[in-house]
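Next come the chains, spelled out residue by residue.
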Amino acid sequence: MAGVTLREVTKTYGEVVAVDRVSLEVADGEFVALVGPSGCGKTTTLNLVAGLIDITAGEILLGDRAINTLDPKDRDLAMVFQNYALYPNKTVFENLAFPLRMRKVAKPALDEQVRRTANVLSIDHLLDRHPRQLSGGQQQRVALGRALVRDPQAFLMDEPLSNLDAKLRVQMRAELKRFHLELNATVIYVTHDQLEAVTMADRIAVMHLGVLQQYATPDEIYNRPVNTFVAGFIGSPAMNLLRGTVTTHDGQAAIAGEGGWLLPLEAEPARRALSSSGQVVVGVRHGHMRLSLTPQADWMEGRVYTVEPTGDLTFVHLKLGDHLLVASDQADFRAAPDAPIWIAFDQEHLHLFDAETELTLADGAAPARAGGRREAAAV
Ligand SMILES: Nc1ncnc2c1ncn2[C@@H]1O[C@H](COP(=O)(O)OP(=O)(O)OP(=O)(O)O)[C@@H](O)[C@H]1O
Ligand SMILES: [Mg+2]
């Protein structure tokens with residue numbers, strides 16, 4: 001296996017900058033998830049690494065060897081695509097064996113590798129069937145198996161679990177993670193599902209409009225998002241983001257928001273807010289809010305919108321000024337729609353962003369490039 005390095009990689013289609021100066025270092029044996037909303041450039045980035053399309057500018061290395069001028073077949077990468085195609089006239093066994101036959105693997109080793117892969121993917125009972133005799137999810141597992149059966153320098157996977165039902169997806173997520181750990185495989189894994197990314201990856205690269213927003217561990221991305229885009233994209237339910245103006249209240253820094261809410265700040269967030277342009281975006285995750293159905297001094301008053309019990313947690317959607325927020329409380333929390341509710345934000349876990357730049361006001365944050373393709377309306 002080998003690491004993969006992207007240096008200032010760009011791909012343009014006419015006016016559209018699909019991938020905009022992306023630099024990324026994937027270490028040998030590392031599992032990196034490339035995430036972002038539809039159209040942000042994930043598949044294009046992966047296809048550039050695979051060599052299926054030519055880069056407009058930049059450089060791609062496998063280990064310390066530049067590969068961006070090599071043919072795809074000479075790059076020694078195994079790929080699983082969003083739109084996979086199996087050989088319709090070959091059995092599942094032969095579909096899995098094909099990449100090994102191409103590499104002239106001897107029969108005993110070939111048999112062993114095919115059966116081991118089929119076992120990992122729970123398709124051992126399907127080896128004699130043809131693709132047309134399989135469900136969509138089974139076909140996708142065979143496609144995945146065709147990549148996993150090999151021992152390439154790195155694996156490139158584009159939404160390999162997208163056709164599976166929810167339960168199978170969770171199971172396959174665990175299998176892929178085991179596979180990665182056992183083989184110490186280098187994996188670049190594209191998904192638009194942030195949960196897949198945080199559960200499987202060593203590091204996550206978040207993309208938006210062709211631009212890499214943040215590249216860090218799931219923990220770092222979740223706890224210290226560099227800008228409002230990452231803050232809102234990673235985490236479910238999404239982080240609450242509220243625009244407000246920095247002001248003072250009773251001699252203390254505070255944030256005043258649309259619809260009349262006022263958030264008094266403790267010393268540390270106050271210091272960060274005061275370093276802003278004066279307009280900030282406050283970010284708070286659902287688990288970092290306290291709720292009370294009786295008035296509390298200095299808490300903000302809102303209204304209950306809906307209450308969603310899930311079994312182990314109850315999500316409370318509530319109106320604060322003009323904002324609709326989601327908080328979570330204990331399983332037995334209940335409240336009537338439109339009931340007054342008092343809300344406090346856990347100030348130790350408060351995220352603050354400058355509303356002008358959308359960048360975090362946290363100390364020591366790496367300077368991020370604010371998202372956005374250079375041309376208008378690219379998507
Ligand atoms: N061949 C092409 N010609 C012109 N534009 C293209 C081409 N391929 C991709 N694009 C554009 O480049 C951008 C990135 O596309 P890409 O397929 O990489 O997105 P993605 O992040 O994989 O999205 P999804 O999650 O929907 O698969 C999009 O705006 C897309 O319309
Ligand atoms: Mg895609």
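Residues numbered from 1 in each chain as written. Chains lettered and ligands numbered in written order. Predicted model: local features only at pLDDT ≥ 70, side-chain atom pairs only at ≥ 80, totals over all residues. Heavy atoms only, no water.

Caption draft 1: How the structure looks around the packing of helix 4 (residues 136-148) against helix 5 (residues 166-183). Packing of helix 4 against helix 5 leaves a shortest axis separation of 13 Å and a crossing angle of 5°. As summarised for this structure, helix 4 and helix 5 are arranged roughly parallel, according to the angle between their axes. Contact residues: helix 4 offers R141, L144 and L148, while helix 5 offers L168, M172, L176 and F179. Class assignment for the residues of the contact of helix 4 with helix 5 results in six nonpolar, no polar and one charged. (Axes fitted to C-alpha atoms, helices over the stretch in contact; angles between N-to-C directions. Helix = DSSP H or I, 4+ residues; strand = E, 2+ residues; numbered from the N terminus. Parallel < 35°, antiparallel > 145°, perpendicular 65-115°, else oblique. Contact = heavy atoms within 4.5 Å. Nonpolar A, V, L, I, M, F, W, Y, C, P; charged D, E, K, R; others polar.)

Caption draft 2: Representation of the side chain of Q214. On the secondary structure map, Q214 appears in strand 10 (residues 211-216). The exposure class assigned to Q214 is buried, which follows from its relative accessible area of 7%. Engagement of the side chain of Q214 in a polar contact is seen with the backbone oxygen of R224, the distance being 3.1 Å. Setting aside residues no more than four positions away along its own chain, Q214 makes contact with I204, A205, V206, E220, I221, R224, P225, V226 and V230. (Buried < 20%, exposed > 50% of the residue type's maximum accessible area, 1.4 Å probe, protein only. Polar contact = N/O pair within 3.5 Å; in protein donor to acceptor, adjacent residues only side chain to side chain.)

Caption draft 3: Summary view of the environment of F315. Relative to the assigned elements, F315 resides in strand 17 (residues 314-320). The spatial distance from the C-alpha of F315 to the C-alpha of A327 is 5.7 Å, given a sequence separation of twelve residues.

Caption draft 4: Structural view of the domain arrangement of the protein chain. In terms of domains, the protein chain is made up of domain 1 (4-228) and domain 2 (237-354). Summarising the inter-unit geometry, the C-alpha centres of domain 1 and domain 2 are found 39 Å apart. With seven residues of domain 1 at the contact, the number on the domain 2 side is six residues. Of the roughly 510 Å² buried at the junction of domain 1 and domain 2 (both faces included), carbon and sulfur atoms supply 66%. On the domain 1 side of the interface with domain 2, the three residues burying the most area are Y222, P225 and T228, jointly 82% of the side's total. Taken together, domain 1 and domain 2 are joined by zero salt bridges. Taken together, the links from domain 1 to domain 2 amount to one residue pair in polar contact (both at pLDDT 80 or more). Split by residue class, the side of domain 1 that touches domain 2 holds four nonpolar, three polar and no charged. (Domains from an automatic or database assignment. Buried area = accessible area lost by both parts, 1.4 Å probe. Salt bridge = Lys/Arg side-chain N within 4 Å of Asp/Glu carboxyl O.)

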